[in-house]
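# Examination of the molecular architecture
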Amino acid sequence: MKRIMKLLIVGDAVDEFLCGFAEELSIFQPGVVIDVLNINDKTSSNLQAKNNPFFRKVYTYSPDIYFLKHIPKLRGIAYFLLRKAEDLKIKENYDAVLLFGLWPKSIIFFKSNFKKFRYVVGAIMGSDLLNNQSYRDYNGWLFTIGSCHKIIVGNPQLKDKLISEKLVPPDKIELAYYGSRVMELINDLPYTNQEAKRLFRFPEDKIVITCGYNAKSTQQHLLFIEEIKKIQTDKSRVLLVFPLTYGREENYLNQLRDAVRTSGFEYVLIEDFLSAERVAILRKATDIFVHIQQTDAFSGSMQESLLSGNIVINGAWLPYKELKDRGVKFLEISKVSEIPSLIDNIIRNPDEYREKYVTSNTQEKFQTALWKNNISTWYKILSGEN
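Structure report, in brief. Just so it is clear, the structure is predicted and the values come from calculations on it, not from any experiment.

### Side note on the overall build of the protein chain
Looking only at helices and strands, one finds 18 helices and 13 strands in the protein chain. When the 386 residues of the protein chain are sorted by exposure, 53% land in the buried category. Residue pairs in contact within the protein chain that sit at least 24 positions apart in sequence constitute 69% of those at least 6 positions apart.

Given below as structure tokens:
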């Protein structure tokens, strides 16, 4: 008989992966108690989290003093007061604490509270590891991964990197794949490519090319726009789509808007929040997915696009050997300047490319991307059984 767990999750309480994990854990282990400390500043995120039926209690870094955070001289004081408020609020005894991503706010919380908790698991995201040295408190990041009782990584490459750089002892690292609610929906949604385009109000006769999956400059949208302007194909046949629902950098977004406005292409910038179902429909509405961000570690968006039947163009500098080993097919480029001629070829020979790079990407090759296939491993780690 598995014991009922009282779990505190520290992370973005509206993140698709975190919410999917909480739902699947509740199904796998009925009676589990899940509380969450939300590190997302947006008022809407706190309201959304409090309506999540799988969270018993929602703590927040951002109670009711939002006005202070917009006054530069008081912003630091506001965050200090918020952290102190959280220190006082979280007095319950938890069987386990899960840091769902080692983000700056999660590290601040951990450093202030780690002595209170008997068992802490840190789940490292790919971008979290790749960008850790840009954190203001890099030493705090090192302290956190060194002090957690277990570290979860979502793919073998991250595990190898942690070991080779001697950041975490091998016996402390556990491999547990992240599931995706979007992947489950892609399997279940009945829409064809044309039907999905209609649901997004995309012109059905356009070739939909989606670039990236967030609003960060590391996605290299600007470089993509400069290169795709060189295609020989009639630009009126193409619709460019840019999902920009998170990771906003306002200055960069303004540059992106200017660049795409003068590109000569019809385009769509998606800046509002998308539900998991809408993301799944967007994947199905896409014909070509371009994934050329500077660094990455096993993007869920790329796997969603592959499963949806997109022809995927991936930067060869990104680590996707595991997908290749499973027999998943996608195109690789060694430099962004290869994009124009490649896209021209795809548009001229769509059936040839679909036969070679789409038909073999069947459901069984993406089973590790479903929470239902991974949740028992996560539960064992959080229970201290591994």
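### Some points on the packing of helix 1 (residues 16-28) against helix 18 (residues 375-382)
At their nearest, the axes of helix 1 and helix 18 sit 10 Å apart, and the two run at 85° to each other. The angle between helix 1 and helix 18 places the two elements in the roughly perpendicular class. The residues of helix 18 that touch helix 1, namely those facing Phe-21, Glu-24, Leu-25 and Phe-28, are Ile-375, Ser-376, Trp-378, Tyr-379 and Leu-382. Looking at the contact of helix 1 with helix 18 residue by residue, the class counts come to 7 nonpolar, 1 polar and 1 charged.

### Regarding helix 14 (residues 300-307)
For helix 14, the buried fraction is high: 8 of the 8 residues fall into the buried class. Those residues of helix 14 not exposed but buried are Gly-300, Ser-301, Met-302, Gln-303, Glu-304, Ser-305, Leu-306 and Leu-307. After helix 14 finishes, the residue Gly-309 shows a positive phi value of roughly 95°.

### Digging into the sheet that holds strand 2 (residues 33-38)
Taken together, 7 strands build an open sheet; the order of strands is 3-2-1-4-5-6-7 and the sheet is parallel. Each edge of the open sheet is held by one strand with a lone partner, namely strand 3 (57-60) and strand 7 (173-175). Between one strand and the next, the sheet's axes are offset by a mean angle of 25°, whatever the strand orientation. Alignment of strand 2 against strand 3, held across 4 bridges, turns out to be parallel. Bridging across to strand 3, Val-36 finds its partner in Val-58. On the sheet, helix 5 (residues 104-113) packs against strand 1 (6-11), strand 2, strand 4 (96-100) and strand 5 (120-124) and is oriented at approximately 130° with respect to strand 1.

### Considerations on the environment of Glu-24
With respect to the helices, strands and loops of the structure, Glu-24 is situated in helix 1. The spatial distance from the C-alpha of Glu-24 to the C-alpha of Arg-181 is 9.7 Å, given a sequence separation of 157 residues. Beyond its immediate chain neighbours, meaning those up to four positions away, Glu-24 contacts Glu-184, Trp-371, Lys-372 and Ile-375.

Conventions used here
- Residues numbered from 1 in each chain as written.
- Predicted model: local features only at pLDDT ≥ 70, side-chain atom pairs only at ≥ 80, totals over all residues.
- Heavy atoms only, no water.
- Helix = DSSP H or I, 4+ residues; strand = E, 2+ residues; numbered from the N terminus.
- Buried < 20%, exposed > 50% of the residue type's maximum accessible area, 1.4 Å probe, protein only.
- Contact = heavy atoms within 4.5 Å.
- Axes fitted to C-alpha atoms, helices over the stretch in contact; angles between N-to-C directions.
- Parallel < 35°, antiparallel > 145°, perpendicular 65-115°, else oblique.
- Nonpolar A, V, L, I, M, F, W, Y, C, P; charged D, E, K, R; others polar.
- Pairing = 2+ DSSP bridges.

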